[in-house]
Amino acid sequence: MADNQTLAMRVSEISDPAVLFERHNTEQIRRIERKIRGEIEQKKEELRQMVGERYRDLIDAADTIGEMRQCSESVVQFIQDLHQYCHRLKQGRPVQSTRDQSPGLWKEKFYTMAAQIKLLLEIPERIWSAMEASQYLQATQLYLLCCHLHALLQLDATAGGHYTPVLARFPILVRQVSTTGHFRSTILLDSKSLLQGRAVSDQAIAEALVSTMLLEDSSPRQALAGFLLARKASIHKLLNQPQHGTGIKAQVCSLVELLVTTLFQAYAVFYLPPEGSPKPGEGTLSCGLLFSILEDVTSTTPAARGRRVLHEEMSTGSWFKYLPPSITEFQPVLRTLAQPIQTEQLRDALQQWIDTCREDICRGVGGLLVYVKSLKGLAAIRDAVWDLLSTDSISQHWSTVCQRLLDRPLAVWNDFLQQLFLQRLQTITKEETGAISATSVQLLVSVLRDLEVQTSHTSPGSNPGSGCGSQFEVDVASFLWSESPGDLPGDAGWVSVAQRGQRHHGSSLAMKTQALTPCVQSFCSSMDAKLKARLDDLQCYLPSQVTGSSSGAKENSSASTSGRFTDSPAVEEALREGCVLCTRHILSAVRHQLDTTSPEPSPAVLSSVLFMGRLCQSVGQLCPSLKICILGKQNGSEVTANGTPRQGRKQGKGRAVVDVSPAQAQWAGLKAELLSCSMEAYRIWSSALSKMLLDNFGTALRAESAGAILTTATNWEDLEIQEEAESGNSVTSKIRLPVQPSWYVQSLLFQLCVQVNRVGGHALPPPTLQELLQACLAQALHHYHSLMGQTVGTEGAFPMTQNRALQQLFDLRYLNSTLGCRAEEVKSSRSHRDPRFHQICDWLETFIDPFDLDVFTPPLNANLNRLSQRTSVLLGLLTGSEKPLTLRSSSNNSQEPFNILPLSNNQIRFGLLPLSMSNVRKSKSASRSSDAVHQLVSLAIWTL
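Throughout, a residue's number is its position along its own chain's written sequence, starting from 1. Totals for whole chains, interfaces and linings use all residues, but because this is a predicted model, local features are given only for residues with pLDDT of at least 70 and pairs of side-chain atoms are given and counted only at 80 or more. Heavy atoms throughout the structure, all of them, feed into the side-chain values; hydrogens and water do not.

Overview of the overall build of the protein chain
Piece 1. Looking only at helices and strands, the protein chain has 39 helices and two strands in total.
Piece 2. Exposed residues in this analysis have more than 50% of their type's maximum accessible area, buried residues have under 20%, and partly exposed residues fall in between, with area computed by a 1.4 Å probe over protein chains only. When the 944 residues of the protein chain are sorted by exposure, 40% land in the buried category.
Piece 3. Residue contacts are counted whenever heavy atoms from the two residues lie within 4.5 Å of one another. Considering only residue pairs separated by 6 or more positions, the protein chain has 76% of its internal contacts joining residues 24 or more positions apart.
Piece 4. By element, 54% of the accessible surface of the protein chain is carried by carbon and sulfur atoms, the whole surface being about 53100 Å². A run of H or I in DSSP counts as a helix once it spans at least four residues, and a run of E counts as a strand once it spans at least two, with each numbered from the N terminus. In this description, accessible areas are obtained by the Shrake-Rupley approach with a 1.4 Å probe, and a residue is regarded as covered only by the protein chains that are shown.

So, in structure tokens, the structure goes:
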């Protein structure tokens, strides 16, 4: 209960704090304190709200009170002045009555003053009307007339602060006098603003400049400086205006229009032809408007009365007839001497202004062009500028104006904008080609990653449909022998070969003949599409190919076109450099990938190496846009039709060598780099493949146990020979010679053939295939050479018997005949036989009886020749199509004239299809030879 009474206590009831401490405890006192503080804060808030709500009312009331005080003081002051004036009139009445003044004269003076006051009161409205109509010269004349009226009526305040008699009698003029003082700054501001406009007539510009000269008492040179400064400010305004709401093309065109208009108006306003020059005829540009207008406005001759300020008003009569002549014939006066601007001074001023604006325009337009992201947009801006400069109003008199003002021609596009557009084009091209190279490298890395994953997961029982593109890269043969609906075009059956176009050459069957896998096609098509988009974008900036039907239009616009496309070589060079850098960047990525795989790549990486080799080999063919980008559209099409140009051709002594353009030389160099990178990839593959195959070959060759040697033995042939004994009788003996190579030799050749065909060996470069065969032969000779050291220096090894030596000799000679150099290489001395071959043959012949060797050599050579001919078709690419088969002679000693498989002479479609000459096997040796071939085929099936 006591707590409630304590809380109900008001602040006003607390009179003595001591009593409060006597009646309440500490806790209650604290509650009372909190309550009092809360009430204090509440009152403060109420006071703030009251002051905030009533503050404006208080200010308005205070202002009203102040105005009332000033008004009452002025009324009192007027009454006092009126009282004093009446008092002076009362005192001066006897004096005036003594004067002999005519009432008509006083009436005329009164009307004159009244007309002046009425005119003074109407001038502000006329000034505002003239300014609203942008007639600043008329407004200036009225303002100067108003100042002249002020001087006549003595409306200026006296030194003592008293009003003049007119102001005392007509207090309404006080406000008019204060209002008139603001007209000068307003007219000057609006006149200078008019100078910044690009769509203003020459007459309006000249009148605005005359107004400025009359108000500021400036000279024509100062007016020229002000005009050029205003135009420079207008250029800055155009360059710095916000991007939203307007386009870059509109800004650049407005800038060019302002620049051109400035020179035209400088000619029309400030230029005066030299003395003694003929007067310009009709249809020519007017000039010297500033001086002619200035002369009309300020001239006092009778001929200039039509240009008086109040000429039109005086013709109406009424109260204007009471105005004195000093007002009706008023003309503004220019205090400075308006001397014409000399030609040299005008030229120097304009040239300095052009140089200054060139820096600002280059900086500003360069910043605007950053927002243009395509060459098509850049070409649209360029064409809009040229269309503006090619209009009749500009092109008809532009050269004349520049020659008279600057004493030289001025090309706006070439001097101001062309380099800026070219730099932006080069930047866009560099960025776009850089993006193409970056995305191509990313795609390359992605494909290589997929190939590695596909190769590591490939097994004999895996599904060939999974990852079909990558699977074809791992096994190109599966792609070559697969059928697809797009192998041949739909009209391939009735369109002759001569009439087939590029579409037939790009069919799936054509890609298979060149072993161009889907991954290679996809990569090249993606790159070609991006380059084609760049090429199409660039064509918007280059001149279009004009046909004969439009030759008339071409002749009409030849002058414009010749200047518009002068930078076409630089534009094509920018695209050429960008494409070359793009291709070299991709090549550097390919070389980096090849460097990471060498020197000993794993079998899982060989598919990636082959993909990169095929890619570099086919980029020039599958990316026609790359060739066009480098050679140019016209040259690229000509090269495509006529073939690759050569730097020189063997001609007669009197004929000149065909010249090669730099673009063609650059394209040839790029193709050489691509070919070099491709050959490097194939070289890595061939070296890795030869090493992998020959390691197993060397292990089987150096077998030391008799069982291992017997497992590699193959079929031998029994031959009967007749020899003459010492007694002269004929002796028949029987010998046995090998007719098949060892199993590891057959396995080596067949595995090599399988691997070559697995990667599309028919499309491998001939040097690569030759290097592979030579590498295999060289490593085989190395293993045979190591066998020599093993046999000589190893104890307990299986001895080299005569039969084993015969088989080794047969194997070695068969390997040399199959993997050896081609016939044309021997003729051209591009290759030479390895000396180790003869050394090893001599070493093996040491284990054969010399008499037996003489007997064995002819049939051994026959067996070797027959075996080479029989296996040439099966081994295919290892023997080479350029290695013709040697048909056996039809001698009587021939035992098998019917068992050779020659090639068909009538080659229609299947040129390598073997045709048997006979289906009958009559001899035992023929059957044995057939068994040898069947065994080789069985080995191939078992290996697969």
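What follows continues from the structure just given.
Quick look at the nonpolar core
Piece 1. F270, L417, F611, W685, F697 and L752 are the most contacted members of the largest nonpolar core, which totals 208 residues.
Piece 2. To define a nonpolar core, start from buried Ala, Val, Leu, Ile, Met, Phe, Trp, Tyr and Cys residues and group those joined through side-chain atoms within 4.5 Å. One finds V476, L480, A515 and A763 within the second-largest nonpolar core, a separate group that totals six residues.

Description of the packing of aromatic side chains
Piece 1. Whether two aromatic rings pair depends on their centres lying within 6.5 Å, for rings of Phe, Tyr and Trp, where Trp uses its six-membered ring; planes under 30 degrees apart make the pair stacked, over 60 edge-to-face, and the rest tilted. Considering all chains together, one arrives at nine aromatic pairs under this definition.
Piece 2. Ring centres of W413 and F421 lie 4.9 Å apart, and the angle between their planes is 55°; this geometry places the pair in the tilted category. Both residues of the pair, W413 and F421, belong to the buried class.
Piece 3. By the ring-pair criterion, three or more aromatic residues cluster together here, those being W386, W413 and F421.

What about the environment of T517?
Piece 1. When you line up the elements, T517 lands in the loop between α23 (508-513) and α24 (518-539).
Piece 2. Its relative accessible area of 0% is what places T517 among the buried residues.
Piece 3. Sequence-wise, T517 and F472 are 45 residues apart; in three dimensions their C-alpha atoms are separated by 6.6 Å.
Piece 4. If near-sequence neighbours (up to four positions away) are discounted, T517 is found in contact with F472, E473, V476, F479 and R614.

Comments concerning the state of the cysteines
The bond known as a disulfide is covalent and runs between the sulfur atoms of two cysteines.
Piece 1. Criterion for a disulfide: a pair of cysteine sulfur atoms at a distance within 2.5 Å. Within this structure, the stated rule accounts for zero disulfides.
Piece 2. Left without a disulfide partner, C579 is nearest to the cysteine sulfur of C629, which lies 3.9 Å away.
Piece 3. Overall, the relative accessible area of 0% leaves C579 in the buried class.
Piece 4. With no disulfide of its own, C616 lies 3.7 Å from the sulfur of C677, the closest cysteine sulfur.

Remarks on the side chain of T583
Piece 1. Following the sequence through the fold, T583 ends up in helix α27 (residues 568-597).
Piece 2. The class for T583 is buried, based on a relative accessible area of 3%.
Piece 3. Among all residues touching T583, those that are not within four sequence positions of it are M527, L626, L670 and L674.

Structural notes on the confidence of the model for the protein chain
Piece 1. Think of pLDDT as the predictor's per-residue confidence, scored from 0 to 100. On average, residues of the protein chain carry a pLDDT of 76, and 73% of them reach 70 or more.
Piece 2. Note on residues 826-831: pLDDT under 50 across the span, and six contacts to partners over four residues away in sequence or across chains.
Piece 3. In this model residues 882-944 is a low-confidence stretch, pLDDT under 50, and it forms 78 contacts with partners more than four residues away in sequence or in other chains.

Let's talk about the environment of L674
Piece 1. In this fold, L674 is placed in helix α31 (residues 662-701).
Piece 2. In this structure the C-alpha to C-alpha distance between L674 and G620, which are 54 residues apart in sequence, comes to 8.2 Å.
Piece 3. Not counting residues up to four positions away in its chain, the partners in contact with L674 are T583, L587, C616, V619 and G620.

A short note on the packing of helix α11 (residues 248-270) against helix α12 (residues 289-298)
The angle between the axes and the distance between the axes are what describe a pair of packed helices.
Piece 1. To get an axis, fit a line to the C-alpha atoms, keeping to the stretch in contact for a helix; angles then go from 0 to 180 degrees between the N-to-C directions. Direction vectors running N to C along α11 and α12 enclose 40°, while the axes themselves pass 4 Å from each other. As summarised for this structure, α11 and α12 are arranged oblique, according to the angle between their axes. Here α11 contributes A268, V269 and F270 to the contact with α12, which in turn contributes L289, L290 and F291.
Piece 2. Residue polarity follows a fixed list, in which Ala, Val, Leu, Ile, Met, Phe, Trp, Tyr, Cys and Pro are nonpolar, Asp, Glu, Lys and Arg are charged, and the others, Gly among them, are polar. Across the contact of α11 with α12, the residue classes break down as six nonpolar, no polar and no charged. Working rule for angles: under 35 degrees goes down as roughly parallel, over 145 as roughly antiparallel, 65 to 115 as roughly perpendicular, anything else as oblique.

Concerning the pattern of salt bridges
Piece 1. Salt-bridge detection follows one rule: a side-chain nitrogen of Lys or Arg within 4 Å of a carboxyl oxygen of Asp or Glu. This model, assessed by the stated rule, comprises 21 salt bridges.
Piece 2. Residues E46 and K43 are paired through a salt bridge, measuring 4.0 Å at the closest nitrogen-oxygen approach. Placement of the pair is E46 and K43 together in helix α3 (residues 26-98), with a separation of three residues, close to one helical turn.
Piece 3. Exposure remark for K43: the relative accessible area of 55% places this residue in the exposed category.

Observations regarding unusual backbone geometry
Piece 1. Phi angles above zero are rare outside glycine, and D217 is one such case at about 55°.
Piece 2. Structurally, D217 can be placed in the loop between α9 (202-216) and α10 (220-240).
Piece 3. Non-glycine residue D407 carries a positive phi angle of around 60°.
Piece 4. Along the polypeptide, D407 turns up in the loop between α18 (398-406) and α19 (412-457).

Observations regarding α12
Piece 1. Among the residues making up α12, those that are buried are L289, L290, F291, I293, L294 and V297.
Piece 2. The secondary structure elements touched by the buried residues of α12 are α5 (136-153), α9, α10 and α11.

Here we look at α11
Piece 1. Every helix has an expected span of 1.5 Å times one less than the residues it contains. For α11, built from 23 residues, the straight-helix expectation of 33 Å at 1.5 Å per residue is met to within 8% by its first-to-last C-alpha distance of 32 Å.
Piece 2. Taking burial as the measure, the 23 residues of α11 include 20 buried ones, the bulk of the element.

Quick word on the environment of E720
Piece 1. The topology assignment puts E720 in strand β1 (residues 716-724).
Piece 2. The spatial distance from the C-alpha of E720 to the C-alpha of R736 is 8.8 Å, given a sequence separation of 16 residues.
Piece 3. Apart from the residues lying within four places of it in its own chain, the contact partners of E720 are T732, S733 and K734.

Here's the deal with the packing of α24 against α27
Piece 1. Running from amino to carboxyl end, α24 crosses α27 at an angle of 165°, the nearest separation of the two axes being 11 Å. Taken together, the axis directions place α24 and α27 in an arrangement best described as roughly antiparallel. Crossing geometry of α24 relative to α27 is assigned as right-handed. Contact residues: M527, L531, L535 and L538 in α24; V571, L575, C579, C582, T583 and I586 in α27.
Piece 2. When grouped by side-chain class, the residues that make up the contact of α24 with α27 number nine nonpolar, one polar and no charged. By definition, turning the near helix anticlockwise from the far helix through less than a right angle yields a left-handed crossing, and turning it clockwise yields a right-handed one.

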